[in-house]
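So the chains spell out like this:
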Amino acid sequence: TVKLQREAVLAVNDDGIFAGGDLVLGPATLTEAIGHGKLAAGIIARMLEGEKIEDIEKDIEEKNNSEIKLKPEEVFTEKQLKSFEKNKRAVPEKLGVGPRIKNFKEIVKPFDERQARMEAQRCLNCGICSECHECIKVCEANCIDYSQKEKIITLEAGAIIVATGFDEYNPDSYGEYGGGELEDVITGLKYERLMCASGPTSGHILRPSDNKEPKKIVFLSCVGSRDITKGMPYCSGACCMYLAKQAILTKEHIPDSESYIFYTDVRSPGKDYDEFIALAKKYGTQYIRGKVSKIYKKGDKLIIRGSDTILGEAIEMEADLVVLASAIIPADGSKKLAEVLNITTGPFGFYTESHPKLRPVETNTSGIFLAGACQSPKDIPASVAQGSAAAAKVLALFSKDKLASDPIVAKVDELRCVGCNKCLMVCPFNAIEEADIRGNKMVKVIESVCKGCGLCEATCPIDAIKLSFYTDEMILQEMDSIMY
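Residues numbered from 1 in each chain as written. Predicted model: local features only at pLDDT ≥ 70, side-chain atom pairs only at ≥ 80, totals over all residues. Heavy atoms only, no water.

1. Some details on the overall build of the chain
If you tally the helices and strands in the chain, you get 16 helices and 16 strands. The C-alpha atoms of the chain give a radius of gyration of 33 Å, which is well past the 23 Å a tight globule of 484 residues would have. Projected onto its principal axes, the C-alpha coordinates of the chain cover approximately 125 × 80 × 45 Å. Within the chain, buried positions represent 33% of all 484 residues. Sequence-distant contacts in the chain: of pairs separated by 6 or more residues, those separated by 24 or more amount to 58%. Summing over all exposed atoms, the chain offers an accessible surface of approximately 31,300 Å²; the carbon and sulfur share of this is 55%. In the chain, the 62 positive side-chain charges and the 72 negative ones have mean positions that sit 4 Å from each other. (Helix = DSSP H or I, 4+ residues; strand = E, 2+ residues; numbered from the N terminus. Rg over C-alpha atoms; globule rule 2.2 N^0.38 Å. Buried < 20%, exposed > 50% of the residue type's maximum accessible area, 1.4 Å probe, protein only. Contact = heavy atoms within 4.5 Å. Areas by Shrake-Rupley, 256 points an atom, 1.4 Å probe, with all protein chains shown as cover. Lys, Arg positive; Asp, Glu negative; His and termini not counted. Charge placed at Lys NZ, Arg CZ, Asp CG, Glu CD.)

Okay, here's the thing in structure tokens:
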């Protein structure tokens, strides 16, 4: 093999001589040889335009270092990784030595159909990005930059608005709905993508299994919501309305289609929401109050078994497509973020506001506000309104030169504090910080952040921290006045 002086640019020397393929790699693949040829051609073209080989080499090395190589666990879910079978590479048959010397037939036999299919099934479909960088050439907005690297940004902020959004509950835990095995049982978000003009089917509603236009669509509400067995007894709020919207749009996309909605209760508490439900019924959508107990495939149809609780009858119908209105759940990582920001979460993982009526967008930690579905399941109008409210709160906060704080705050006795930091560890509002006062290690209270909860006073072993207007002497005098 040829030894390269500059490996990044395949240069044998600085006199314009390049090498690639098997001459450099030894016995290698055709793909690698083609790649070397393309790379060398590009380098030669740049040199003919006047660029120095040193600059080209530096540029290529920077691009190589900036490329992000994805690991399998970054591309696939844990369930998908477990589903991949580890099959050995198929070995083609070869003619024996005896037949070889008597004819000119190919020594290595091609795969038969069975072997070819088995070999093709070994593909993991991991070609999400082959790092060809062609996307840079076609992107008119010039928004793709492979030179960017991960970096940590540290900012000092006067306020934080938490708007982490929500995640969709995975309905695969419902074995009666196919447990994720039926291709034509999809979630509401996936169906929304099918109807979207920029979606995978350019706005045409097609079944995932065979790309045929469905004529009978069944929608199931409350999949995960209002279900104590799944740990989510709450209502997801937006499902009833977006199912009605999807049923109307389905009728507009496919005029001869039929839509059925199985519901627990239709909840439409909003401006003109009831009228929108009535519009869906005018479009021919049939509402059935009841639950579906089983979905299974029969031929190219899905069979839905359920009950109509109003008529008190069992129902069995065929459908081409089933859409599940999955529950709205807290975003992944929201619990960890709550620990970082020192804000509280409710029993289902959503962030808790300071007061449901008087301070609906504020948290118990000063300067941190909530917006959108991170607080509770809500639809777009409610999220927009809450986002505007949170922004207004921040602007009101920034418009003042001084902050008004509660007079009942903790005070540290500097003569008694020994700097044990026990109060610092229990403070839920991060209102206590370490300080070096006249060479002595102790703590100090940030009065604008302190809420006067008293945890620090109860924790301090030497009684070096007290609440203003709530000293032991004052409480004892109050007790004396009550008793005598």
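2. Some details on the packing of helix 9 (residues 188-195) against helix 10 (residues 239-253)
Running from N to C, helix 9 and helix 10 cross one another at 30 degrees; their axes reach a closest spacing of 11 Å. Pair helix 9 / helix 10 crosses with left-handed handedness. Each of G188, Y191, E192 and M195 in helix 9 lies in contact with helix 10, whose residues at this interface are Y242, K245, Q246, L249, T250 and H253. Looking at the contact of helix 9 with helix 10 residue by residue, the classes come out as 4 nonpolar, 4 polar and 2 charged. (Axes fitted to C-alpha atoms, helices over the stretch in contact; angles between N-to-C directions. Left-handed = near helix turned anticlockwise from the far one by under 90°. Nonpolar A, V, L, I, M, F, W, Y, C, P; charged D, E, K, R; others polar.)

3. Quick look at a nonpolar patch on the surface
On the surface, F469, Y470, M474, I475, L476, M479, I482, M483 and Y484 cluster together into a nonpolar patch covering about 1,000 Å² of accessible area. Along the chain, the position of M479 falls in helix 16 (residues 472-483). (Patch = residues over 30% accessible without salt bridge, like charges linked within 9 Å, V, L, I, M, F, W, Y side chains within 5 Å. Salt bridge = Lys/Arg side-chain N within 4 Å of Asp/Glu carboxyl O.)

4. Regarding the environment of D379
Take D379: it is sitting in the loop between strand 12 (368-370) and helix 13 (380-398). The exposure class assigned to D379 is partly exposed, which follows from its relative accessible area of 21%. As a C-alpha pair, D379 and G237 span 142 residues in sequence and 6.9 Å in three-dimensional space. If sequence neighbours within four positions are ignored, D379 has contacts with A238 and Y273. Within the structure, D379 has its side chain in polar contact with the backbone nitrogen of A382 (distance 3.2 Å). (Polar contact = N/O pair within 3.5 Å; in protein donor to acceptor, adjacent residues only side chain to side chain.)

5. Concerning the sheet that holds strand 10 (residues 321-326)
Strand order in the open sheet formed by 5 strands is 3-10-4-5-6, and the pairing between neighbours is parallel. The two strands at the open ends of the sheet, each matched to only one other strand, are strand 3 (185-187) and strand 6 (286-289). Neighbour-to-neighbour, the strand axes of the sheet open up by a mean angle of 25 degrees, direction not taken into account. Helix 9 contacts strand 3, strand 4 (216-223) and strand 10 of the sheet and is inclined by roughly 90 degrees relative to strand 3. (Pairing = 2+ DSSP bridges.)

6. Focus: the nonpolar core
Within the largest apolar cluster, 24 residues are counted, with the highest numbers of intra-cluster contacts made by V218, L220, F262, I295, I304 and V322. Broken down by secondary-structure element, the contributors of at least two residues to this core are strand 4, strand 5 (258-263), strand 7 (292-298), strand 8 (301-308), strand 9 (313-319) and strand 10. Contacts of I295, omitting those with residues within four sequence positions, involve E176, Y177, G178, L182, V185, L220, L302, I303, I304 and V322. Counting 23 residues, the second largest nonpolar core, distinct from the first, contains Y191, L243, I277 and A325. (Core = buried A, V, L, I, M, F, W, Y, C linked by side-chain atoms within 4.5 Å.)

7. Brief notes about the sheet that holds strand 9
Across the sheet, 3 strands lie side by side as 7-8-9; this open sheet has antiparallel pairing. Lying at the two open borders of the sheet, with one neighbouring strand each, are strand 7 and strand 9. Adjacent strand axes in the sheet meet at a mean angle of 20 degrees, parallel and antiparallel pairs treated alike. Judged from the 7 bridges that link them, strand 8 and strand 9 form a sheet pairing that is antiparallel. Looking across to strand 9, one finds that I303 is bridged to E318.

8. Quick word on the pairing of strand 8
The pairing of strand 7 with strand 8 spans 6 bridges and is antiparallel. For Y296, the partnering residue across the bridge sits in strand 8 and is I303.

9. Description of the packing of helix 10 against helix 11 (residues 273-282)
Direction vectors running N to C along helix 10 and helix 11 enclose 35 degrees, while the axes themselves pass 9 Å from each other. Here helix 10 runs over helix 11; the crossing is left-handed. From helix 10, C240, M241, A244, K245 and I248 reach across to helix 11, where they touch Y273, F276, I277, L279 and A280. Of the residues belonging to the contact of helix 10 with helix 11, the class tally is 9 nonpolar, no polar and 1 charged.

10. Looking at the pattern of salt bridges
For the coordinates displayed, the defined rule picks out 21 salt bridges. One salt bridge in this structure joins D320 and K301, with 2.6 Å as the shortest N-O distance. With D320 in the loop between strand 9 and strand 10 and K301 in strand 8, this residue pair connects regions lying 19 residues apart in the sequence. Of the residues examined, D320 reaches a relative accessible area of 7% and is grouped as buried. As a salt-bridge pair, E362 and K393 come within 3.1 Å of each other at their nearest N and O atoms. Here the residue E362 occupies a position in the loop between helix 12 (334-341) and strand 12, and K393 occupies one in helix 13, the gap between them amounting to 31 residues. Overall, the relative accessible area of 13% leaves E362 in the buried class. Taken together, the shared-partner salt bridges in this structure form one network comprising D184, R207, D210 and K297.

11. Quick notes on the side chain of D320
Here the side chain of D320 touches K215 through a polar contact of 2.9 Å, landing on its backbone nitrogen. Excluding its chain neighbours within four sequence positions, the residues that come into contact with D320 are D184, R207, P214, K215, K216, K301 and L302.

12. Comments concerning helix 13
Between its terminal C-alpha atoms helix 13 stretches 27 Å, which fits the 27 Å expected from 19 residues at 1.5 Å a residue. When we look at burial in helix 13, the residues that qualify are Q386, A390 and V394. End-on, the buried residues of helix 13 take up no more than an arc of 80 degrees, which puts them together on one face. For helix 13, the exposed residues lying more than 90 degrees away from the buried face are V384 and L395. Buried-residue contacts for helix 13 involve strand 1 (160-162) and strand 12. Two or three places before A382, at the start of helix 13, stands the capping residue D379, its side-chain oxygen 3.2 Å from that residue's backbone nitrogen. (Expected span 1.5 Å × (residues − 1). Arc of directions from axis to C-beta.)

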